[in-house]
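Results of the structural survey
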Amino acid sequence: MPGKAKVLALGLALLPMGCGSAGSERYVSPRPSAAPAAIAVATPEQQAGFDRWAVGFRARAASKGISPGVLNSAMRVAAYDPDVIRLDRRQAEFARPIWEYLDSAVSDTRLANGRKVLTEHGAVLSRIEARYGVPKEVVAAIWGMETSYGVNRGKKGIIPSLATLAYDGRRGAFFEDQLIAALKIIQAGDVDPAHMLGSWAGAMGHTQFMPTSYLSYAVDFTGDGKRDIWSDNPTDALASAANYLAKMGWTTGQPWAVEVTVPAGFREAGKGIRKAPSAWQAQGVKSVRGGRIPDHGAASILMPAGANGPALMIFDNFRVISRYNNADSYVMGIGLLSDQLAGRGGLQRPWPRSDRALTEAERKEIQRRLADMGYYQGEIDGVTGSGTMEAVRAWQVAQGMAPDGYVNEALLKKLR
Ligand SMILES: [Ca+2]
């Protein structure tokens, strides 16, 4: 879902429910439907508030160049959708260990279907790879994670969903920008409001583009003059995803990561420390598959489940994939799925599966204890993202521990 930044936990994957939610309930639909999903009924108060917002919005959209005709046709389908708000509020409740997220991201079904689409769409994926320099397995992995290879592209009307989120105000400015971008897409003639379908959060088509990302990065690869990411033919959507990654700086020939082992007492995990593979190898970091790791450029060592789980030497392409969805768990899902689709094996070192997922109360307790000791200044929200991890690292350094930033039950016990 390019264009929607998320700050998510490393050890605990908060499921991005809007899109790219590997294994979530968004993947139950057996086939896409051409008909938009029904809009739940708003209360009279909600509808009245929405209608007042719509008057102001029309003026703002007109000032940004949206024609009266497009505004009329779009606002005719716009309505307050309580379901969208319910889904928006539900996002943060889903937390589970990264290995459970990856189990469903790289499930046998997703792998089998991935091999199938690489055969069925092999010719066009190879042409896309040749044009943009992004491996076809990476593009296929994004397709597989975002919409299960187009099976679930979302059936929500984009205009009503974005209008509801823009009116709602939790992230109103962001979604109003997306709504204006959606109107520009309609104005350009690429799609009409009734066929502009996607997720409740505004992500559209096979590879779940937000409207602003569409305007900047979608491409017409079929050559019919339209950038069509919504129809059954995935060609434009797949090329658009490849173009997006290329524009974000994809380095052809560079892996996203190489699994490694680290020497005993290793203390340099984290994205903040970047060295050439030769420098890492000089201090005892080794590829689990043996052999020297070529100099693909500066790399960091990531240990998503702390010292007792797999370690990855990550390269700049890891960051590039994160521009699609900023959760490390998502990037690892794409990377591992693409590796296996390309015939490379999965992770060698097992995850510490006996670690249980912490409850929201426990995650908040960790933040509160770190805040009380002066290590954490962020919100006590139970979302153990990068801010919490940095605080954990700082505390671990002060304790003389290996600073892996990993949040689990053992850490909570030590903090107590
Ligand atoms: Ca086209």
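Residues numbered from 1 in each chain as written. Predicted model: local features only at pLDDT ≥ 70, side-chain atom pairs only at ≥ 80, totals over all residues. Heavy atoms only, no water.

1. So, the overall build of the chain
Rules: Helix and strand assignments come from DSSP, with helices taken as H or I runs of at least 4 residues and strands as E runs of at least 2, each series counted from the N terminus. Burial classes: relative accessible area under 20% of the type maximum marks a residue as buried, over 50% as exposed, and values in between as partly exposed (1.4 Å probe, protein chains only). The contact definition used throughout considers only heavy atoms, calling two residues in contact when any of these lie within 4.5 Å.
What the chain contains, in helices and strands, is 17 helices and nine strands. Residues classed as buried in the chain amount to 54% of the 416 residues present. Taking contacts inside the chain between residues at least 6 apart in sequence as the whole, the part at least 24 apart equals 71%.

2. Description of the coordination of the calcium ion
Just so we agree on the cut-off: Any N, O or S atom lying within 2.8 Å of the metal counts as a donor, with the limit raised to 3.2 Å for Na, K and Ca; because water is left out of the atom set, some sites can appear incomplete. Irregular is the label for any site that misses the other tests, which are tetrahedral for four donors with all angles between 85 and 135 degrees, and square planar for four donors or octahedral for six when opposite donors exceed 155 degrees and the remaining angles lie between 65 and 115.
Binding of the calcium ion to the protein goes through D220 (OD), T222 (OG1), D224 (OD), K226 (O), D236 (OD) and D236 (OD), at separations of 2.2 to 3.2 Å. Around the calcium ion sit six donor atoms, and with donor-metal-donor angles ranging over 44 to 162 degrees the site reads as irregular. Sequence positions of the residues that donate to the calcium ion give the spacing D-x1-T-x1-D-x1-K-x9-D. Here D236 lies in helix α11 (residues 235-247) and K226 lies in the loop between α10 (211-217) and α11, a separation of 10 residues in the sequence. Exposure remark for K226: the relative accessible area of 40% places this residue in the partly exposed category. For D236, a relative accessible area of 2% corresponds to the buried category.

3. Concerning the packing of aromatic side chains
The relation between two aromatic rings is expressed through the spacing of the ring centres and the mutual angle of the planes. The following threshold applies: When two rings of Phe, Tyr or Trp (its six-membered ring) have centres within 6.5 Å they constitute a pair, described as stacked for plane angles under 30 degrees, edge-to-face for angles over 60, and tilted for the intermediate range. Ring-over charges, as used throughout, are those where CZ of Arg or NZ of Lys falls within 6 Å of the ring centre and within 35 degrees of the ring normal.
Going through the model one piece at a time under the given rule, you end up with 17 aromatic pairs. These aromatic residues form a ring-pair network of at least three members: F50, W53, F57, Y80 and Y167. Stacked on the ring of F174, the Lys or Arg R171 has its end atom at 4.5 Å from the ring centre. The ring of W280 is capped by K275, whose NZ or CZ atom sits 4.7 Å from the centre of that ring.

4. Here's the deal with the pairing of strand β8 (residues 299-302)
Looking down a regular strand, the side chains alternate between one sheet face and the other. Short version of the rule: Any two strands with at least two DSSP-identified bridges between them are counted as paired.
A two-sided burial pattern is seen for β8, the buried positions comprising A299 and I301 on one face and S300 and L302 on the other. Pairing geometry for β8 and strand β9 (residues 311-314), over three bridges, is antiparallel. Bridging from a neighbouring strand, L302 pairs with L312 of β9.

5. Some words on helix α4 (residues 98-105)
Quick reminder: α-helices carry 3.6 residues per turn. Residues three or four places apart thus point the same way. For α4, the buried fraction is high: six of the eight residues fall into the buried class. All of the buried residues in α4 are I98, W99, Y101, L102, S104 and A105.

6. Focus on unusual backbone geometry
One non-glycine residue, S148, lies in the positive phi region at around 50 degrees. Residue placement: S148 occurs in the loop between α7 (136-147) and β3 (156-157). We classify S148 as buried; its relative accessible area is 18%. Not every positive phi belongs to a glycine, and Y149 is a case in point at roughly 60 degrees. Mapped onto the fold, Y149 is located in the loop between α7 and β3. Owing to a relative accessible area of 9%, Y149 belongs among the buried residues under this scheme.

7. Brief notes about the sheet that holds strand β5 (residues 257-261)
Reading across from one edge, β6-β8-β9-β5-β7 is the order of the five strands in this open sheet, with antiparallel pairing throughout. The open sheet terminates on both sides in strands that have one partner only, identified here as β6 (270-275) and β7 (286-287).

8. A look at helix α2 (residues 68-77)
The condition that has to hold: For this quantity, the arc is that covered by the directions from the helix axis to the C-beta atoms.
Those residues of α2 lying buried are V70, L71, A74 and M75. Relative to the axis of α2, the buried residues are bounded by an arc of 115 degrees and lie together on one face. Facing away from the buried side of α2, by more than 90 degrees, are the exposed residues P68 and R76.

9. Let's talk about the environment of M248
Position of M248 among the secondary structure elements: in the loop between α11 and β5. Given a relative accessible area of 9%, M248 falls into the buried group. Between the C-alpha atoms of M248 and R319, which are 71 residues apart in sequence, the distance is 8.9 Å. In contact with M248, other than residues within four places in its own chain, are Y217, R319, V320 and R323.

10. Section: the confidence of the model for the chain
Low pLDDT marks regions whose predicted coordinates should not be analysed in detail. Rules: One number per residue, pLDDT, summarises how confident the predictor is, and it ranges from 0 to 100.
Scored by pLDDT, the chain comes out at a mean of 88, with 89% of its residues at no less than 70. A low-confidence stretch, residues 4-34 stays under pLDDT 50, and its non-local contacts, those more than four residues away or across chains, total 111 contacts.

11. Overview of the nonpolar core
The test is simple: To define a nonpolar core, start from buried Ala, Val, Leu, Ile, Met, Phe, Trp, Tyr and Cys residues and group those joined through side-chain atoms within 4.5 Å.
Counting residues in each nonpolar core, the largest one holds 94 residues, and the members touching the most others are W53, F57, I159, L183, M196 and Y330. Not counting residues up to four positions away in its chain, the partners in contact with L183 are F57, A61, I66, V70, L71, A74 and I159.

12. Remarks on the packing of helix α1 (residues 44-63) against α2
Counted only if it meets this: Comment: axis = line fitted to C-alpha atoms, over the contacting stretch for helices; angle = value between 0 and 180 degrees taken between N-to-C directions. Working definition: roughly parallel below 35 degrees, roughly antiparallel above 145 degrees, roughly perpendicular at 65 to 115 degrees, and oblique for all remaining angles. Working rule for handedness: look at the near helix, and if it is turned counterclockwise from the far one by less than a right angle, call the crossing left-handed; if clockwise, right-handed. Following the grouping adopted for this structure description, the nonpolar residues are Ala, Val, Leu, Ile, Met, Phe, Trp, Tyr, Cys and Pro, the charged ones are Asp, Glu, Lys and Arg, and the polar ones are all others, Gly among them.
Two elements in contact, α1 and α2, have axes whose closest approach is 11 Å; the angle formed by their N-to-C orientations is 150 degrees. Relative to α2, α1 is oriented roughly antiparallel. α2 is crossed by α1, and the crossing has right-handed handedness. Packed against α1, whose contacting residues are W53, A54, F57, R58, A61 and A62, the element α2 presents L71, N72 and M75 at the interface. Here the residues of the contact of α1 with α2 sort into seven nonpolar, one polar and one charged.

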